[in-house]
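As a plain string of letters, each chain reads:
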Amino acid sequence: MEKHEEHTSHVHRDDEGDKLGMWLFIFTELLLFGMLFLMYAVYRYKNPVAFQLGGEELDVFIGTFNTVILLISSATVAMSITAIQRGNKKQALILLGITLFIAVLFLVNKYFEWGAKIEYGFYPGSNLLHELGHGTTLFFGLYYVMSGIHALHILIGIGLFIYVVHQIRREKIHSTDYVWLENTGLYWHLVDLIWIFLFPLFYLIH
Amino acid sequence: MSEEKQHISSYTSHILVLGALLVLTAASVAVTSLEMGKYNTLVAMLIAGTKAGIVLTWFMHLKFDNKIFAIFTVAVIVLFLLVLYVTFFDYSYR
Amino acid sequence: MSETITSKHVSFLEHKGKYKGLLGWILSTDHKRVGLLYLYTMLVFFSIAAILGLLMKIQLIAPGYTIMGPQTYNSMFTVHGIIMIFIIVVPGLPAVFGNFFLPIMIGAKDVAFPKLNLASWWIYIIGILVVLSSQFVGGWPDTGWTFYAPYSFRTPTNVLPALFGAFILGFSSILTGINFVVTIHRMRAPGMTWFRMPLFPWTLYATAWIQILATPVIGITLLLTVMERVLGVGVFDPTLGGDPILYQHLFWIYSHPAVYIMILPGMGAISEILPVFSRKRIYGYKAIVLSSLAIAFVGYFVWGHHMFTSGMSGRALYAFSFLTFIVAIPSAIKVFNWVATMHKGSLNFQTPFYWAVSFIFVFMIGGFSGLTLGSLATNVHVHDTHFVVAHFHFIVFGGTGYSFMAALHYWYPKMFGRMYDRGWANTGWAVFFGGFLTLYLPMFGLGMQGMPRRYYDYLPEFHTGNIISSLGAILMIVGAIIVIVNLVRSARYGEKTSEKNPWGGKTLEWETDTPPTLENWEDLPTVEERPYEYK
């Protein structure tokens, strides 16, 4: 999002401003997901039983597994910032490598999870959902929309991490100029933050 | 950040934070099997809220950054909760 | 873009960067050029949408088929609305004057993220192209600019590109908002404390927050409507369990604050102009600042007043009606302050002043009719009638349009280094103002009598009002043509001026060269007092 530019004739560098910009972007994202949570709240309020039954169809193990690895990846990003601040390029790259691996793993899990659900007949417009009625249709509609948009953010995050790794290798990000890494980290924590709420709301309904 | 004193979190602190988050996750899964009626959701949301707070405070560095970020973040969350509340003026009484 | 170091006193219009000609504009990260790019784009689309509006008024000059049938009419008001709202009024003053003057007024050399700024213009253009592509394939959308569910995913017309285009335009708006907040937080000149900041930047600040916090709401809503249409996920579709009223909630959670995105910067521009042409300090500077922030905040919680007849719960109706009355207070504070500023001032009757004063006039009519709509009992009677159309145009066209014109005539010499023909400008204003009132005032009456909106036809008893209104539309368009032709012509042939401060303003933009140089300042200015300190 934030670009650091050697712009026109004066060089304007303001890391604090760049971070503020990133936070503002995060607020935008929070409101975007917030509205999805609002829809979830409304429809769950109107269809409590169907939502509970829908939740029982989801695999708690995969959900928990994805939660755990996403939390670990958040920690590795945070640690990579520490590594860069200490000037330890190699450690930073290793930590970011782990993060990237986890991001991909998360999507692979999601692929199999969705694949199994679709094969079973849970997808928008399917006959099965039609038979199970409105509440279940809404539950799975929201499930696909919300986890889908979340997965899209993971995908964007992967792109950002590849760019950051590249920049660290080229010494463009180093111990005195690492706001790109910090902002990418903030973005990644946001992705984690959303998942922290998606997980109990879809997988752990009781 | 350039030459100003920038707070550097240690690896240990990050690991501790991660540990806390994992414990809370386990707790969240564990309490699901308890029968608490409508309080199940409440507890689940409280745990998720705590986890979110931890991520914001330490991983996202709000504790050490300019206070204005923390103030804005709280304001945005309050705004969202108010919108949610006002929406339910409709749905709770329909 | 690595532009070489500027030689002194070359205006941004003549500055030679890395690229020449048109490329030098559409690839320039200079905030002033970006602002003008928005201005030119809006000019083109305003003309198109205004012609659509005129065609609708000609259709309504007599009952029955005049020049178009019902399907064409439905498409006309849809496309008129989409262009006017999403392409013109929402970006409106922030994108044009905010980009051009925000950095100058707070004493900065550019916005915080110049590349991002240029990118938002490009995103804006891409959004426009996507919206317009709906015109060429599968028939014009006919949902109205509100895209209400469930019709927006039932209509056979090609509403998808319009939805998706509006979604893209939202990104442009968000990025502009982020840019402005960071610019104001981080780049104020030495001595420019928060409460020494002029009022236009203040209103931009409030607006930028709404852009950041409300636009994602419409983004996700439009995206879900797209998904509903393509995949049938069911979230808004009543046959699948969805609640179409929830669509209205989400739509207005954005679109009501969006009205304040449209109007707040206009209020800021008026607050700049009135002290200058009254030669007096603005009355109640802090009250205006705080009321701007209050409008931005309270404006979040009044969305339900668009939905009084939709079938919401009674409790919600009372709550939204009450909140709507609350939000009128800060607007009224502003009007009071403006009038008090002019009181006993040494008034200088120039074109910007005429536009500013007529702004207050039409804005008050719009505001009071808004209270009529905000109270439950009257709303039920006039909901979805021409009364709403009149109210809406008094606020959005009267509010944003007049303040836009006031701002344009005020800052014109600074922007182009040329002066427009004052005689023609005043004539154009007078014709426009007369046409505007003739066009929209009868609509209040028509609405009270019960003429619904969005129909190509009407009962014979509404004929008189419609004839007056349609004639007013023609008069207003004539006025608009005079104004626009005068401005466009003068940009090329107008009398050259390099006078720094033609109006005697007290804010920083009047201390730069006319037109400003590439980076506005050789040395950043230092600010020692509050703005508008007329002795």
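The following paragraphs examine the structure supplied in this document. Source: prediction; values computed, not measured.

### Focus on the overall build of chain C
The helix and strand tally for chain C stands at 15 helices and 2 strands. For chain C, the spread of C-alpha atoms along the principal axes amounts to about 65 × 50 × 45 Å. For chain C, the residues scored as buried account for 65% of the 535 residues in total. Nonlocal contacts in chain C, meaning residues at least 24 apart in sequence, comprise 81% of its contacts between residues at least 6 apart. Of the accessible surface of chain C, which amounts to about 18,400 Å², a share of 67% is contributed by carbon and sulfur atoms.

### With respect to the overall build of chain B
Tallying secondary structure elements over chain B gives 3 helices and 0 strands in all. Ordered by position from N to C terminus, the α and β elements of chain B give α-α-α. For 94 residues, the compact-globule estimate of 2.2 N^0.38 gives 12 Å, and the C-alpha radius of gyration of chain B, at 18 Å, exceeds that figure by more than 25%. Expressed along its principal axes, the backbone C-alpha trace of chain B runs to roughly 60 × 30 × 10 Å. Looking at the 94 residues of chain B, the share that counts as buried comes to 40%. Looking at chain B alone, contacts between residues at least 24 apart form 53% of all its contacts between residues at least 6 apart. Accessible surface computed for chain B: about 5,000 Å², of which carbon and sulfur atoms make up 73%. Charge centroids of chain B, computed over 6 positive and 5 negative side chains, lie 7 Å from each other.

### Observations concerning the interface of chain B and chain A
Counting from both sides, the interface comprises 47 residues of chain B and, opposite them, 49 residues of chain A. For the pair chain B and chain A, the two sides together bury roughly 4,300 Å², of which 75% comes from carbon and sulfur. Where chain B meets chain A, there are 1 salt bridge. Across the salt bridge formed by Lys19 of chain A and Asp65 of chain B, the nearest N and O atoms sit 3.0 Å from each other. Inspection of the region where chain B meets chain A yields 8 residue pairs in polar contact (both at pLDDT 80 or more). Elements represented by at least two residues in the side of chain B that touches chain A include exactly helix H1 (11–32), helix H2 (39–59) and helix H3 (67–91) of chain B. The biggest single contributor to the side of chain B that touches chain A is H2 of chain B, with 11 residues. Residue composition of the side of chain B that touches chain A, by class: 26 nonpolar, 16 polar and 5 charged.

### Regarding the packing of aromatic side chains
Residues and elements named next belong to chain C. Tallied over the full model, the rule gives 86 aromatic pairs over all chains. It is Arg33 that lies over the ring of Trp25; its NZ or CZ is 4.5 Å from the centre. Looking at Arg188, its charged tip hangs above the ring of Trp194, at a distance of 4.3 Å from the centre.

### Looking at a nonpolar patch on the surface
On the surface, Val74, Val78, Leu82 and Tyr85 of chain B together with Phe297 of chain C cluster together into a nonpolar patch covering about 470 Å² of accessible area. The element contributing the most residues to the nonpolar patch is H3 of chain B, with 4 residues. Topologically, Tyr85 of chain B is positioned in helix H3.

### Regarding the pattern of salt bridges
Per the counting criterion, the structure on display carries 15 salt bridges over all chains. Here Arg186 of chain C ties to Asp14 of chain A by a salt bridge, and the two come within 2.9 Å at their closest N and O atoms. Taken together, the residues span two chains, with Arg186 of chain C in helix H6 (residues 160–186) and Asp14 of chain A in the segment before helix H1 (15–46). Asp14 of chain A sits in the buried class, given a relative accessible area of 13%. For Asp237 of chain C, the salt bridge is made with Arg154 of chain C, and the minimal N-O distance between the two is 2.9 Å.

### Regarding the interface of chain C and chain B
Contacts between chain C and chain B engage 20 residues on the former and 13 residues on the latter. Together chain C and chain B conceal approximately 1,500 Å² of surface at their shared face, both sides included; 77% is due to carbon and sulfur atoms. The largest contributions to the chain C side of the interface with chain B come from Phe301, Ser313 and Arg315 of chain C, which together make up 29% of the buried area. Here chain C is connected to chain B by 1 salt bridge. The shortest N-O distance in the salt bridge between Arg94 of chain B and Asp243 of chain C comes to 3.3 Å.

### Quick notes on unusual backbone geometry
Residue and element names in this part refer to chain C. Here the amide bond leading from Ala149 into Pro150 is cis, since omega sits at -5 degrees, within 30 degrees of zero. If you trace the backbone, Pro150 turns up in the loop between helix H5 (114–133) and H6. The residue after Thr514, namely Pro515, is reached through a cis peptide bond having omega -15 degrees. Of note, Pro515 is situated in the segment after strand E2 (495–496).

### So, helix H2 (residues 48–57) of chain A
Residues and elements named next belong to chain A. The set of residues buried in H2 consists of Ala50, Phe51, Gly54 and Gly55. Relative to the axis of H2, the buried residues are bounded by an arc of 135 degrees and lie together on one face. The exposed set on the far side of H2, more than 90 degrees from its buried face, consists of Val49, Leu53 and Glu56. Residues of H2 that are buried sit in contact with H1, helix H6 (134–169) and helix H7 (179–203).

### A closer look at the environment of Gly148 of chain A
Residue and element names in this part refer to chain A. Tracing the backbone through its elements, the reader meets Gly148 in helix H6. Taking the C-alpha atoms as reference points, Gly148 and Gly87, 61 residues apart in sequence, are found 37 Å from one another. Non-local contacts of Gly148, meaning those with residues more than four positions away in its chain, are made with Trp114 and Tyr143.

About the thresholds
Residues numbered from 1 in each chain as written. Chains lettered and ligands numbered in written order. Predicted model: local features only at pLDDT ≥ 70, side-chain atom pairs only at ≥ 80, totals over all residues. Heavy atoms only, no water. Helix = DSSP H or I, 4+ residues; strand = E, 2+ residues; numbered from the N terminus. Buried < 20%, exposed > 50% of the residue type's maximum accessible area, 1.4 Å probe, protein only. Contact = heavy atoms within 4.5 Å. Areas by Shrake-Rupley, 256 points an atom, 1.4 Å probe, with all protein chains shown as cover. Rg over C-alpha atoms; globule rule 2.2 N^0.38 Å. Lys, Arg positive; Asp, Glu negative; His and termini not counted. Charge placed at Lys NZ, Arg CZ, Asp CG, Glu CD. Buried area = accessible area lost by both parts, 1.4 Å probe. Salt bridge = Lys/Arg side-chain N within 4 Å of Asp/Glu carboxyl O. Polar contact = N/O pair within 3.5 Å; in protein donor to acceptor, adjacent residues only side chain to side chain. Nonpolar A, V, L, I, M, F, W, Y, C, P; charged D, E, K, R; others polar. Phe/Tyr/Trp six-rings, centres within 6.5 Å; stacked < 30°, edge-to-face > 60°. Lys NZ or Arg CZ within 6 Å of the ring centre and 35° of its normal. Patch = residues over 30% accessible without salt bridge, like charges linked within 9 Å, V, L, I, M, F, W, Y side chains within 5 Å. Arc of directions from axis to C-beta.

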